Amino acid sequence: MILIILSWIYILFTTINLGFGFDKIIGLKNKNFILTSVLGLFFITLIASIWSIFGRINIEFHLFLLIVNGLLFLKFKKEIVALYKSFVSDFKQLESVLKFFLIAISVFIIAQCASIPYVIDNESYYIQTIKWINEYGFVKGIVNLHFFLGQTSGWHITQSAFNFSFLYSNFNDLSGFCLLLGNFFAIQKLHEFHANNNKNYLLIGLFPLSNILLFQFISAPSPDIPVYVLSFIIFFYFLENFKKATIELFNLLIVLILFVLYIKNTTVTFTIIPIILLVFNFKVLSRNLAKPFLLASIILALFITKNMIICGSPVFPSKLFGVFTTDYAIPDSIENFYYDQLKYYGYFVDLQQYNSMSAFDLFLRWLSLPKLNGLFNKISILLLLIVPIFIYKFQNKKGIWMLYGIMILQLLLLFATSPQYRFFMNFILFFCIFCLICMVQNRKTINLLLILSLLPTLLILFVPINLNRFSNYKFMMELSNFSIENTIFPYKNTKYNSDFETIKIGNLNYNSPTAIDFFWASGDGELPSVNKQQIDYFQKYFKIVPQMRTNDLKDGFYAKKLSSND
């Protein structure tokens, strides 16, 4: 815990400085301390992404970042110090209940981040993605080594910039830092709600009620956490400025939405938000579109460049732009295999069952899934049915109707790709809280809800709970709990204590975990690390094995097609 606190102090200092500098470049005129840190995360992600094209995110990157950090602080010391003073002043003005909540949830979040990583994707590709960036930057054709490495998220690039791998190997907790920022921003707005009685402030102010669902995912760099946090901030500013958007607000939303898209491209429906604002505020915004257009172009260029290097094609995992694919692009047979898995994974059926079922049959299957999957799927459909009633009766405004429409589009998109509830959770949380505030606005009741929400969070933190009754995933049956052993040093980046065996295939020597019964597992092995089961499977059924492009790992990989006799 202690080491995480120290690292977060540095991260906060760095993101505030670079966020302030980024604000000066874009001209957002932002005065919110938490938003400044978010802007800093975005700016550092841009810098790290550009750096990763040419080299690794390691000590040399941090020396550069330290210099930029220092120069910005010296240049704008007075304004930056004023931001800190403003934040401290805002905290002092909070009522005692809100202060207690923020202190308690801060301790809980840090403790959880020091515990055993829970997310199974951490073992398949989070650890390895970040390790490759730390050691080599973006690597050509790395998708051929492990298909999931092609999913390199902007958030993993951000984490690679803040895990300080050259100093210590167990920092893997930037999602927890992001959730903490989200809680502080929400409580600020909740405090303001008690003064202005604006329901939009209450709507985001109750975001901390989501902690119970998000808590287990913060001990690993899950891209879902920043998406959920940023979604609430985006929805808040959209609702508040639906018909009176300034260019500064519009640019802020562009930055936040670009950040979300770069973290997770399944949030593509968010692009509708700035379009709506532009339509309703065309006279004000149309004359000042140069900066948002340039910023969007930079993100698009980085997105395509990243994919061209890592995957050999502009969009992962698609070859829609086949003319641009490279000789190290993933083979069609492997891509088709992934698409097939993606389609039927959310329904918990195999490919043969999927192909024999109608769209309505698949919907009923999806709706009737057991445990948490079925529960959240049912909640999704219930929200589609009841939210219009709540909107019409309690807050009949165009802005909230627009968000409801975007929710419908998001769900339709998931049905067309992969209907997993975690890709829809931001809308589930937002509209559940929306329905709640339509009925509950009493100050004492709200404070009671916040305090009571700490209890299950505390329970999860310290009490072992078996999730057999709730989870469909055998690798996510037990929650991770805090141990007193992690008071100073956080738990290592992986939940497994596995040895690795070195295996040679062609010109490739790779490390395979010996004690992880999980097809996609790579664990925390030395580079390159991939499961032997996976290599053998693709060799047997597709006659394809990964090979190094040269004798140096930094030059990447390609997929070698074996002859029928091999």
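Here, every reference points to the structure presented above.
Residues numbered from 1 in each chain as written. Predicted model: local features only at pLDDT ≥ 70, side-chain atom pairs only at ≥ 80, totals over all residues. Heavy atoms only, no water.

1. Examining unusual backbone geometry
Thinking step 1. In this structure, proline 528 follows leucine 527 across a cis peptide bond, with omega equal to -10 degrees.
Thinking step 2. Structurally, the position occupied by proline 528 is in the loop between β2 (508-513) and α23 (532-542).
Thinking step 3. Its identity is not glycine, yet lysine 29 carries a phi of approximately 55 degrees, on the positive side.
Thinking step 4. Within the secondary structure, lysine 29 sits in the loop between α1 (2-26) and α2 (33-54).
Thinking step 5. Positive phi is not limited to glycine here, since lysine 371 has a value of about 60 degrees.
Thinking step 6. Relative to the helices and strands, lysine 371 is located in helix α19 (residues 371-394). (Helix = DSSP H or I, 4+ residues; strand = E, 2+ residues; numbered from the N terminus.)

2. A word on the side chain of glutamine 395
Thinking step 1. The residue glutamine 395 is located in the loop between α19 and α20 (398-416) in this model.
Thinking step 2. Looking at glutamine 395, the relative accessible area reads 9%, which means it is buried.
Thinking step 3. For glutamine 395, the side chain forms a polar contact with the side chain of asparagine 200, separated by 3.3 Å.
Thinking step 4. Residues contacting glutamine 395, with those up to four places away along its chain left out, are Lys199, Asn200, Phe390, Ile400 and Phe434. (Buried < 20%, exposed > 50% of the residue type's maximum accessible area, 1.4 Å probe, protein only. Polar contact = N/O pair within 3.5 Å; in protein donor to acceptor, adjacent residues only side chain to side chain. Contact = heavy atoms within 4.5 Å.)

3. Some words on the layout of surface pockets
Thinking step 1. Taken as a whole, the second largest pocket encloses approximately 490 Å³ of empty space.
Thinking step 2. What lines the second largest pocket is a set of 19 residues, among which Trp8, Leu12, Ser106, Leu180 and Phe184 lie closest to the centre.
Thinking step 3. Those elements that provide at least two residues to the lining of the second largest pocket are α1, α2, α4 (77-93), α5 (96-113) and α8 (174-196).
Thinking step 4. The dominant element in the lining of the second largest pocket, judged by the number of residues it contributes, is α5, at 5 residues. (1 Å grid on protein atoms, 1.4 Å probe; cavity = no way out; pocket = protein on both sides within 12 Å on 5 of 7 lines; lining within 4 Å. Points joined across faces, edges and corners; volume = space filled by probe spheres on them.)

4. Regarding the nonpolar core
Thinking step 1. Counting 193 residues, the largest nonpolar core has Leu403 and Phe431 as its most contacted members.
Thinking step 2. At 15 residues, the largest contribution of residues to this core is made by helix α12 (residues 247-263).
Thinking step 3. In this structure, phenylalanine 431 is in contact with Leu383, Val387, Ile400, Leu403, Tyr404 and Met407, ignoring residues within four places of it in sequence. (Core = buried A, V, L, I, M, F, W, Y, C linked by side-chain atoms within 4.5 Å.)

5. Here's the deal with the pattern of salt bridges
Thinking step 1. If you walk through the whole model with that rule in mind, you get 9 salt bridges.
Thinking step 2. A single salt-bridge network, built from bridges that share partners, covers Asp121, Asp224, Lys264 and Arg422. (Salt bridge = Lys/Arg side-chain N within 4 Å of Asp/Glu carboxyl O.)

6. Quick notes on the packing of aromatic side chains
Aromatic ring pairs are defined here through the distance separating the ring centres and the angle between the ring planes.
Thinking step 1. According to the stated counting rule, one finds 56 aromatic pairs in the structure shown.
Thinking step 2. Taken together, a centroid distance of 4.6 Å and an interplanar angle of 45 degrees make the contact between phenylalanine 242 and phenylalanine 280 tilted. A residue pair is termed long-range when its members are at least 10 positions apart, and phenylalanine 242 in the loop between α11 (224-240) and α12 and phenylalanine 280 in helix α13 (residues 272-280) qualify at 38 residues.
Thinking step 3. Looking at phenylalanine 280, the relative accessible area reads 32%, which means it is partly exposed.
Thinking step 4. With centroids separated by 5.8 Å and ring planes inclined at 40 degrees, the aromatic side chains of phenylalanine 538 and phenylalanine 542 adopt a geometry described as tilted. Of this pair, phenylalanine 538 and phenylalanine 542 both sit in helix α23, 4 residues apart, which is roughly one turn of the helix.
Thinking step 5. Judged by relative accessible area, phenylalanine 538 falls into the buried class, the value being 9%. (Phe/Tyr/Trp six-rings, centres within 6.5 Å; stacked < 30°, edge-to-face > 60°.)

7. Regarding helix α16 (residues 332-345)
Thinking step 1. The terminal C-alpha atoms of α16, which comprises 14 residues, lie 20 Å apart, in line with the 20 Å expected from a rise of 1.5 Å per residue.
Thinking step 2. Buried within α16 are the following residues: Ile334, Glu335, Phe337, Tyr338 and Tyr344.
Thinking step 3. Summarising the contacts, the buried residues of α16 are in contact with α17 (351-356), α23 and β3 (544-548). (Expected span 1.5 Å × (residues − 1).)

8. Some words on the environment of alanine 104
Thinking step 1. For alanine 104, the position within the fold is in helix α5.
Thinking step 2. Counting along the chain gives 54 residues from alanine 104 to isoleucine 50, while the straight-line C-alpha distance between them is 38 Å.

Geometric values such as these leave the question of function open.
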